[in-house]
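# Examination of the molecular architecture
The chain contents come next:
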Amino acid sequence: MESALTARDRVGVQDFVLLENYNSEAAFIENLRRRFRENLVYTYIGSVLVSVNPYKELEIYSKQQMERYRGVSFYEISPHIYALSDNTYRAMRTERKDQCILISGESGAGKTEASKKILLYYAVTCPANDHMAALGDRLLQSNPVLEAFGNAKTLRNDNSSRFGKYMDVQFDFRGAPVGGHILNYLLEKSRVVHQNHGERNFHIFYQLLEGGDDDLLHRLDLDRNPQNYKYLVKGNCPRVSSISDKNNWKTVMKALSVIGFSDEEKLLNIIASVLHLGNTHFGEGEEGETHITTETQIRNLEKLLGVDGSALREALTHKKLTAKGEEMISPLNFEQAMSARDALAKAMYGRTFTWLVEKINQSLALKVNKGSSVIGLLDIYGFEVLQHNSFEQFCINYCNEKLQQLFIELTLRSEQEEYETEGIAWETVKYFDNKIICDLIEEKHKGIISILDEECLRPGETCDISFLEKLEGTLGGHPHFVTHKLANGKTRRVMSREEFRLLHYAGEVNYNVNGFMDKNNDLLNRNLKEVMCQSDNQILNHCFRREEVIDQKRPEMAATQFKNSLMKLMEILMSKEPSYVRCIKPNDAKQPGRFDEVLVRHQVKYLGLMENLRVRRAGFAYRRRFEAFLQRYKPLCPDTWPNWHGKLADGVSTLVNHLGYKAEEYKLGRSKIFIRFPKTLFTTEDALEAKKPDIGNFLIVIGYLCVVIVIQSGWRGMKGRRRAKKRREAAELIRRFIKGFIYRHEEYCPENAYFLDHVRYSFLMKLSKNLPKNVLDRNWPTPPPSLVEASEHLQRLHLQNMVMKYCRRIQPEWKKQPSEIFKDQKDSYPQGVGSCFGLQTWCYGVSVVKYDRRGFKPRPRQLLLTNTYAVLVDRTKIKQRIDYNALRGISVSSLSDGMFVLHMPNEDNKQKGDAVLHCNHVIEVVTKLAMMASKIDHVNINPGRFAVARGKEGIIDFVRGSELKVTAPRINST
């Protein structure tokens, strides 16, 4: 870490405890900005890792990077998530004490990615066999499953975790991962039935609709459009550009297979049932009774859940009450029926999620417990302050208050223990103790949670406003509690009458009480539980126990359940040595390189980073073991350079005395030196930087004197051996070449093999540089006798290749011309169009038969086409020239013969009349001629008239027959 201090003006300091002005929030944020600008996303606050989400891929997570941090001292190289992971792992191995890593931050700050990086580091670097490798795969594959069922797109993050997760990774005595266990906290069940605008339900719903095959969706009675499901349209955001639901579906299905799931069908039945339940609609009769208007959805639920449809219909529209030992059935009004439907959907999904976590735990369970150690990972929501804060934010922020309380307590305890171990007097640290806020929320009988439970259980008319009034009556006057009624005039202007404000350690938050009572009750009608208990679906049978229906005891409220689970979590964390990762998102737009100072300041405050820094800097800013400090700075003192042979403590004392450290600037412990001010360390580091040229020169001279002779002798010997080897090889080459030339006319043998191979190679190299460029170029190098056959084969292949390239260059509009001219008009079109674009017949010349205008005597000719005219050639003599401008048209029959007529103008003295021709490739020739002469619109099908001579006209009559015959004046054609 010290090596980076010389660049501190550009990239900041790697540890915030080395900030000169550590009380300045502006200096803290500026240090973050400098490092973020240089893609240095990790910074320490002592042993706490601060991580800024870069929103782009960085080349710092490869296996090589893992090896770089493996087994290296925590502060020896630059801050990294791998450094914290390795330090935690080594502490577990050496101290034999359970560890935990607490990851916190806002949604989108990178908490889930940080936990993935830690798990991947352990999976790659820890010792493993086949069984442990399979366990590592299951640990890693549990992430996509939990993300699919527990994550959702929110306004702040496209993959936001909507639950808290604590995972224990168990290691055996060798340090290999052998098991795991997951605890989940406060799944946001309300998201199942409602989403804010721009947000989505949990990922699994969209993955099922997008990625499930047609047979699966047909079995589940689903279609692919999310807009058709009420529970998926509230946020009006069915698709997200950064998410591929189809690919993620495949990932989740593969992960379920790796984990060892066998109940995918029953699990997907429940997911589909939630969607069908959301599409269940109700109607209201004249007397206020409620009934279900969508029987199709009830039938789907009956099939997928294996329940009695009539019982489910009854349970959704009526509730069962017990009074004085008697049961009564009471109908639900429209609003109550809707609430009962939504409560069932939330209960099914929430309990299924808990069951899913249990199944994952079974696959990760430690088979044999032989003195295992544990590293815990806590990935939990950070402090949340939204535009509208409700019951969920209240629970989340209560959790963060408890974690902050634990954080400060453990940090202080760790500092105090280190001071006592080193024999240095502990100095009292002033800090804000948030116990008063935790008590305000959780204290028995007087805390907000107790008052909320009491109001939910109180008989009579209760509502959210009565709960707020009860808070005002009980907590009025508390320094951290304010309502509109209790506030001063200035505060009232920014507070609603339905809100209360808590002054958290991180700042003020207004909570709207609407929905607090319902969310805390989280009750499911008893008759709905009875229906679920009787389901044929084994997952629902496990989630809805029959004992729950029989037991008349009211279950705990949601807030109390969360408080109790949080207390258990605190006990788990208190029993372990903690490490911390504080995640920060630099902007809300998820753009790389953008640093929003206002947003970052908000997170620095809510994460309690300044408070943590003040606690860490209350004593000494820098501490290092004697050997590390002496090894780095010994060149600065003549007495310690180049080596110190006495006790380490004496060597450090000699060094700091030579450097002029004052007594108030440092303390020497039993094994470490403690430096109070960063400035002292910076001065020492700058002195070392200035000394480096002298140190380098000294080391170079010593090294040169030690090895120069060895290097010289080795180099000379190597050069001599190389020269001798080259001379021997050259002489041998000349001998072989001369001998081969002498035996060049003999059969291939060892004497001439080298020479003949050289001749062949030379020919092929020459040929590769002098290949013909087009099909008309017939030049070809003369091959040696041994390559005549190969040369002919190569020439043939090259010609075919050039023809193929030519055909590929034929433009699409050329290919369309035969279709436009002949399709459905000439019988030979299907065969002729194939030859029109064949590799061998597509050219500028073709053999034809010309028939005389008198007697129709056949004359073999060559028809050659140029860019401006066509000619009929008899061997080397041009018999007739036809200018394209003078060509009046082209006529062909509709039959499968090859006859065509070129019509010439009568007034042209050079022309004797129309040319009557026959060709086996008539489609090709006419198409090519029409295109080159621009006479596509002048191709006539069927007409048989032609000019015999000036002013005279002949007629060609086409008649079907068994063979081709040409007679005057009649033509028989097949």
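Residues numbered from 1 in each chain as written. Predicted model: local features only at pLDDT ≥ 70, side-chain atom pairs only at ≥ 80, totals over all residues. Heavy atoms only, no water.

Keep this limit in mind: UniProt positions are given in the numbering used here, feature names are shortened, and annotations may be inferred rather than shown by experiment.
For the protein, the name recorded in an unreviewed UniProt entry is Myosin Ic, paralog a, with Sphaeramia orbicularis as its organism. According to the UniProt record, the Subcellular location (unreviewed entry) comment for the protein reads "Cytoplasm, Cell cortex".

### Concerning the overall build of the protein
We apply this condition: Only DSSP runs of H or I covering at least 4 residues are called helices, and only runs of E covering at least 2 are called strands; the numbering of each starts at the N terminus. We call a residue buried when its accessible area falls under 20% of the maximum for its residue type, exposed when it is over 50%, and partly exposed in between, using a 1.4 Å probe and counting protein chains only. Accessible areas in this description were obtained via Shrake-Rupley with a 1.4 Å probe; residue shielding takes into account the shown protein chains only.
Counting its regular elements, the protein contains 34 helices and 32 strands. When each of the 974 residues of the protein is scored for burial, the buried share is 50%. Of the roughly 48,500 Å² of accessible surface on the protein, 50% is carried by carbon and sulfur atoms.

### A word on helix 12 (residues 295–305)
Since the α-helix packs 3.6 residues into each turn, any two residues three or four apart lie on the same face. Convention followed: The directions from the helix axis to the C-beta atoms form the arc being described.
All buried positions along helix 12 are accounted for by Q297, I298, N300, L301, L304 and L305. In a view along the axis of helix 12, the buried residues occupy a sector of 160°, so they form one face of it.

### What to know about the nonpolar core
Heads up, the condition is: By convention a nonpolar core is built from buried Ala, Val, Leu, Ile, Met, Phe, Trp, Tyr and Cys residues, the set being connected through side-chain atoms within 4.5 Å. Contacts: residue pairs with any heavy atoms within 4.5 Å of one another.
Counting residues in each nonpolar core, the largest one holds 108 residues, and the members touching the most others are F149, F205, M348 and M532. Here M532 is in contact with L305, V307, L312, L344, M348, L540, N541 and F544, once residues within four sequence places are set aside.

### Describing the pattern of salt bridges
For clarity, the cut-off: The term salt bridge refers to a pairing of a side-chain nitrogen on Lys or Arg with a carboxyl oxygen on Asp or Glu at a separation within 4 Å.
What the rule picks out here adds up to 37 salt bridges. When the shortest N-O distance is used, the salt bridge between E113 and K116 registers 3.4 Å. With E113 and K116 both in helix 5 (residues 111–125), this residue pair falls three residues apart, about one helical turn. The exposure class of K116 is partly exposed, given its relative accessible area of 24%. Between R861 and D874 there is a salt bridge, with the nearest N and O atoms lying 3.8 Å from each other. With R861 in strand 21 (residues 858–865) and D874 in strand 22 (residues 869–874), this pair connects stretches of sequence that are 13 residues apart. Of the residues examined, R861 reaches a relative accessible area of 12% and is grouped as buried. Here the salt bridges do not stand alone but share partners, grouping E25, E30, R33, R34, E597 and R601 into one network.

### Some remarks on the packing of aromatic side chains
Worth spelling out the cut-off: Geometry of aromatic contacts follows a simple scheme: Phe, Tyr and Trp rings, the Trp one being its six-membered ring, pair when their centres are within 6.5 Å, and the pair is stacked under 30 degrees between planes, edge-to-face over 60, tilted otherwise. Geometrically, a charge over a ring is one whose NZ (Lys) or CZ (Arg) sits within 6 Å of the ring centre while staying within 35 degrees of the ring normal.
Applying the stated rule across the entire model yields 24 aromatic pairs. With 5.0 Å between their ring centres and 15° between their planes, F202 and Y349 make a pair best called stacked. Highlighted residues: F202 in the loop between strand 7 (177–185) and helix 7 (203–211) and Y349 in helix 14 (residues 334–364), separated in sequence by 147 residues. Each member of the pair, F202 as well as Y349, is classed as buried. The cationic tip of K117 hangs over the ring face of Y61; the distance from NZ or CZ to the ring centre is 4.6 Å. It is R881 that lies over the ring of Y869; its NZ or CZ is 3.8 Å from the centre.

### Let's talk about a negative patch on the surface
The test is simple: The patches reported here contain residues having more than 30% relative accessible area and no salt bridge. Joining distances are 9 Å for like charges and 5 Å for nonpolar side chains (Val, Leu, Ile, Met, Phe, Trp, Tyr). Counted as positive: Lys and Arg. Counted as negative: Asp and Glu. His and the chain ends are not counted at all. One atom stands in for each charge, and that atom is NZ of Lys, CZ of Arg, CG of Asp or CD of Glu.
A contiguous patch of negative charge on the surface is contributed by E284, E286, E287, E289 and E335. With respect to the element layout, E286 can be found in the loop between strand 8 (282–284) and strand 9 (290–292). Accessibility expressed as a relative area gives 84% for E286, which makes it exposed.

### Details of the environment of M517
Mapping M517 onto the fold places it in helix 20 (residues 516–521). Looking at M517, the relative accessible area reads 6%, which means it is buried.

### Focus on the side chain of H480
Note the threshold: For this analysis, a polar contact is any N or O atom pair within 3.5 Å, provided that within protein one partner can donate a hydrogen and the other can accept it, and provided that sequence-adjacent residues contribute only side-chain to side-chain pairs.
Note on placement: H480 falls in the loop between helix 18 (464–475) and strand 13 (481–483). Only 2.9 Å separates the side chain of H480 from the backbone oxygen of L503, close enough to count as a polar contact. The residues touching H480, leaving out its near neighbours within four places in the chain, are F432, I436, I437, L440, R501, L502 and L503.

### Some remarks on the environment of E113
You can call E113 partly exposed: its relative accessible area is 39%. Residues E113 and D379, 266 residues apart in the sequence, show an inter-C-alpha distance of 9.8 Å.

### Some points on the confidence of the model for the protein
Just so we agree on the cut-off: Known as pLDDT, the predictor's confidence for each residue is given on a scale from 0 to 100.
Confidence in the prediction of the protein, expressed as mean pLDDT, is 81, and 88% of residues score 70 or more. Of the regions scoring below 50 in pLDDT, residues 833–843 engages in 23 contacts with residues more than four places distant in sequence or in other chains. Between residues 970–974, whose pLDDT stays under 50, and residues either more than four places distant or in other chains, the model counts 25 contacts.

### Looking at the sheet that holds strand 2 (residues 48–52)
Definition in use: Strand pairing is assigned whenever DSSP detects at least two bridges linking the two strands. Lines are fitted to the C-alpha atoms to define the axes, a helix being fitted only along its stretch in contact, and any angle between axes, read from their N-to-C directions, falls within 0 to 180 degrees.
The strand order 1-2-16-3-12-6-7 describes an open sheet built from seven strands, whose pairing is mixed. The outermost strands of the open sheet, each flanked by one partner alone, are strand 1 (42–45) and strand 7. Ignoring strand direction, the axes of neighbouring strands in this sheet form an average angle of 20°. Of the strand pairs in this sheet, strand 6 (residues 164–171) and strand 12 (residues 373–379) are connected by seven bridges, and their pairing is antiparallel. If you follow D168 over to strand 12, its bridge partner there is G376. Along the sheet, helix 5 makes contact with strand 3 (99–105), strand 6, strand 12 and strand 16 (577–584), crossing strand 3 at roughly 155°. Relative to strand 1, helix 26 (residues 609–617) is tilted by about 50°, and along the sheet it contacts strand 1, strand 2 and strand 16.

### Comments concerning unusual backbone geometry
Even without being a glycine, Y55 presents a positive backbone phi close to 55°. Summarising the element assignment, Y55 is placed in the loop between strand 2 and helix 3 (63–69). Taking the relative accessible area as the measure of exposure, Y55 reaches 18% and is therefore buried. Phi at N236 is positive, roughly 50°, even though this residue is not glycine. Position of N236 relative to the elements: it lies in the loop between helix 9 (230–233) and helix 10 (245–259). Overall, N236 belongs to the partly exposed group, its relative accessible area being 48%.

### Description of the sheet that holds strand 21
Remark on secondary structure: sheet strands pair via backbone hydrogen bonds, oriented parallel or antiparallel. Here we have eight strands laid out as an open sheet, ordered 23-22-21-20-26-25-24-27, and mixed in their pairing. For this open sheet the edge positions go to strand 23 (877–883) and strand 27 (939–941), each flanked by a neighbour on one side alone. Adjacent strand axes in the sheet meet at a mean angle of 30° when their direction is disregarded.

### Focus on the side chain of S104
Inspection of the secondary structure puts S104 in strand 3. A residue is classified by how much of its surface remains accessible, and S104, at 7% relative accessible area, is buried. Dropping the residues within four chain positions of it, S104 is found in contact with K111, I380, V581, R582, C583 and L607.

### Here's the deal with the pairing of strand 26 (residues 915–918)
Of the two faces of strand 26, the one holding A915 and L917 and the one holding V916 and H918 are both buried throughout. Both strand 20 (residues 845–851) and strand 26 contribute to a ladder of three bridges, which runs antiparallel. What sits directly across from V849, in strand 26, is H918. With four bridges connecting them, strand 25 (residues 899–903) and strand 26 associate as antiparallel partners. Opposite L902, over in strand 26, you have A915 as the bridge partner.

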